[in-house]
Structures are given as C-alpha cells and as structure tokens.
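Breakdown of the fold
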Amino acid sequence: MFSIQFKEAKKITENYNVPLYSIFLLEEDSHFSVNFVEYITKEKSILFLSPYQNLKWHNTTSSKVKLLQFHGDFYCIEFHKDEVACNGLLFNNVYLQPYITLDTVVFDEISELLTKMEKEVKVNKRFSSSVLKSYLQLILAICSNEKDHQLGSTPSLKSNNNDLFMLQEMLELHFREERNPSFYANKLTMSPSSFSKKVKYRFKKTPTQLIQERVILEAKKLLHLTHKTVKEVALELNFDDEFYFSRYFKKEVGLSPTHFREEVGISIVAK
C-alpha cells in the first residue's frame, strides 16, 4: 500500500495510529505527541513514524502538511538497509527524537520530490512502483544523511552525560529481563528521583516509558522480521506467558500481537 496526501494537520485526525510507515513534511511550527511524548518543532521539519506509533496533534491552528505513507510490503526498510540506513535512525529508535529540522534548501528539495510522486500517482493510473520507490529511497537517503550530520555536530551523549550513556548501554543489554527502573538506578548508584529527572530531561520520557518503548520496539521487530510465534516472542522477551505478553503489548500499542502481525505483515527478510 502506498499513498501521498497534501492537507492540513488537523484534518489528518487528532489521534493517528496506522499500520503504515508515515512521513510528515511540516511547513509551519508544529506541536504534537508521539507515543505520549510531546514535541514542538519550528517551521520546516520532517517527522517519521513507524507502524502503530501513536501521534496526537496539539496544534490549535492549521499546519500545512505533506503526508507520505507506505506499507512494509511496498518498501521494506530492513531489506534496503544497505542502500539507505534509515532503520534505527529515522525509524525505530527510542533514544532519538522522531523528527529533524530542515533548512530551506533541503525542505524544498523534499517537497519537490513529494510533488513529483503525487503527479506520478495521478497522471499514471497504473503508476510505476519502481519510480515511486526510487523517489522514496531518495527522500530517505537525504533525510538519513541530514539526521546523521545533525547528530554528528551535536555533543555526544557519552561526552555530555556518562550516566545516561551507560543507561543506554545497560538497557540494550538487560531490557529483555529487567523492566523495573530501580534496577537501572541501582546499577548507576543513583537515587530513583535523581535517575528519573535525568532520564526525563534527556529523553523527554520517564524511565518506565523508555523501558516499555524498548520492549515494545523489540516485540514489533520480532513480529515483523521473523516467523516466530507469539508464544516464542513472549518467551524471548521473558514474559511469563503469551497471554500476559499479549495484554502488555495491546495496552502499549492498541492492538494484540496477532492483529499487529496481520496488519503490518511479515517482512520479506524474515527468517
């Protein structure tokens, strides 16, 4: 599935949660939440959402938006990771903000590409998917390079705050077994309140939110990128049983693991 739309933000719907990858090109200042974390962007930015990430729009005035959506069956970002390294950079990273700011030149370049894609769809009723994929890949490549450049010009998390760099490393090592924030606070020899404040300041999320997002991200990967059963996914993530895992997943994502897999599909790279 592929679609492209040009509309106002408030007409996208206040709560947006779909089985598609979504790219929002935002011309004006914008105020929104992604997975209940608030962000405010200045004019000319671009936002990236993975399937079933919850977006809530807070703008009181209309924002001009170009919206590009595609299903993993149309373009698999994991399959094309060697050509465009956007998975874990633009999409699917709980440690980075989901948007990047753009200068006028880059914004106009992406806007022009989106316009060309819209024309391709409208003019050629049996549009060429290869043409659209080429345009999409170019947009992802431009944005990946832009975000990589912006991250490279920002003082690193490691040099700025060794505690939080260690947290990120520890979370990657232990999120499958340890979902209690106190475990990480103790490892860092920090009080729970100090730990919570530092995490909230750096990631704009509570420690519990950060841990839950990391667990859910891994669950989504296993459901989309492997043929493992829901029970096998639950066991790999150290849930007592698949029913508890299903309740946990549904509470965070809004639908069951089985329904998620049906909507998002199993990737062509699944093993």
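Everything numeric in this text was worked out from a predicted model, so none of it was measured. (Residues numbered from 1 in each chain as written. Predicted model: local features only at pLDDT ≥ 70, side-chain atom pairs only at ≥ 80, totals over all residues. Heavy atoms only, no water.)

With that out of the way, let us pick up the environment of Tyr-201. For Tyr-201, the location among the structural elements is in helix H6 (residues 192-203). Considered as a pair, Tyr-201 and Thr-226 are 25 residues apart in the sequence and their alpha carbons are 35 Å apart. (Helix = DSSP H or I, 4+ residues; strand = E, 2+ residues; numbered from the N terminus.)

Quick look at the nonpolar core now. Among the nonpolar cores identified, the biggest contains 36 residues, and Leu-167, Tyr-184 and Phe-245 are the most heavily contacted of them. By residue number, the principal contributor to this core is helix H7 (residues 207-225), which donates eight residues. The residues touching Phe-245, leaving out its near neighbours within four places in the chain, are Ala-219, Val-230, Val-233, Ala-234, Leu-237, Phe-239 and Pro-257. Grouped together as the second largest cluster of nonpolar side chains are 30 residues, Ile-23, Tyr-75, Cys-86 and Ile-139 included. (Core = buried A, V, L, I, M, F, W, Y, C linked by side-chain atoms within 4.5 Å. Buried < 20%, exposed > 50% of the residue type's maximum accessible area, 1.4 Å probe, protein only. Contact = heavy atoms within 4.5 Å.)

Once that is clear, we can look at the packing of H6 against H7. Relative to each other, H6 and H7 sit at 60 degrees, their axes nearing to 8 Å. One way to sum up the angle between H6 and H7 is to call them oblique. Between H6 and H7, the contacting residues are Phe-195, Ser-196, Val-199, Lys-200 and Phe-203 on the first element and Pro-207, Gln-209 and Leu-210 on the second. Grouping the constituent residues of the contact of H6 with H7 by class yields five nonpolar, two polar and one charged. (Axes fitted to C-alpha atoms, helices over the stretch in contact; angles between N-to-C directions. Parallel < 35°, antiparallel > 145°, perpendicular 65-115°, else oblique. Nonpolar A, V, L, I, M, F, W, Y, C, P; charged D, E, K, R; others polar.)

Over its twelve residues, H6 runs 16 Å from end to end, which matches the ideal 16 Å to within 8%, given 1.5 Å per residue. Positive phi shows up at Lys-204, right after H6, with a value of about 65 degrees. (Expected span 1.5 Å × (residues − 1).)

Before going further, it helps to examine a negative patch on the surface. A contiguous patch of negative charge on the surface is contributed by Glu-27, Asp-29, Glu-43, Asp-103 and Asp-108. Here Glu-27 shows up in the loop between strand S3 (21-26) and strand S4 (30-34). For Glu-27, a relative accessible area of 34% translates into the label partly exposed. (Patch = residues over 30% accessible without salt bridge, like charges linked within 9 Å, V, L, I, M, F, W, Y side chains within 5 Å. Areas by Shrake-Rupley, 256 points an atom, 1.4 Å probe, with all protein chains shown as cover. Salt bridge = Lys/Arg side-chain N within 4 Å of Asp/Glu carboxyl O. Lys, Arg positive; Asp, Glu negative; His and termini not counted. Charge placed at Lys NZ, Arg CZ, Asp CG, Glu CD.)

Moving on, we get to the packing of aromatic side chains. Tallied over the full model, the rule gives 17 aromatic pairs. Aromatic pair Tyr-52 and Phe-260: ring centres 5.9 Å apart, planes at 55 degrees, arrangement tilted. In this pair, Tyr-52 is assigned in the loop between strand S6 (45-49) and strand S7 (55-57) and Phe-260 in helix H10 (residues 257-264), connecting sequence segments 208 residues apart. The exposure class of Phe-260 is buried, given its relative accessible area of 3%. With 5.6 Å between their ring centres and 70 degrees between their planes, Phe-249 and Phe-260 make a pair best called edge-to-face. Placement of Phe-249 in helix H9 (residues 242-253) and of Phe-260 in helix H10 is noted, with a sequence separation of eleven residues between them. One aromatic cluster is present, formed by Tyr-52, Phe-239, Tyr-244, Phe-245, Tyr-248, Phe-249 and Phe-260 through successive ring pairs. Seen from the ring of Phe-175, Arg-214 lies directly overhead, with NZ or CZ sitting 4.2 Å from the centre. (Phe/Tyr/Trp six-rings, centres within 6.5 Å; stacked < 30°, edge-to-face > 60°. Lys NZ or Arg CZ within 6 Å of the ring centre and 35° of its normal.)

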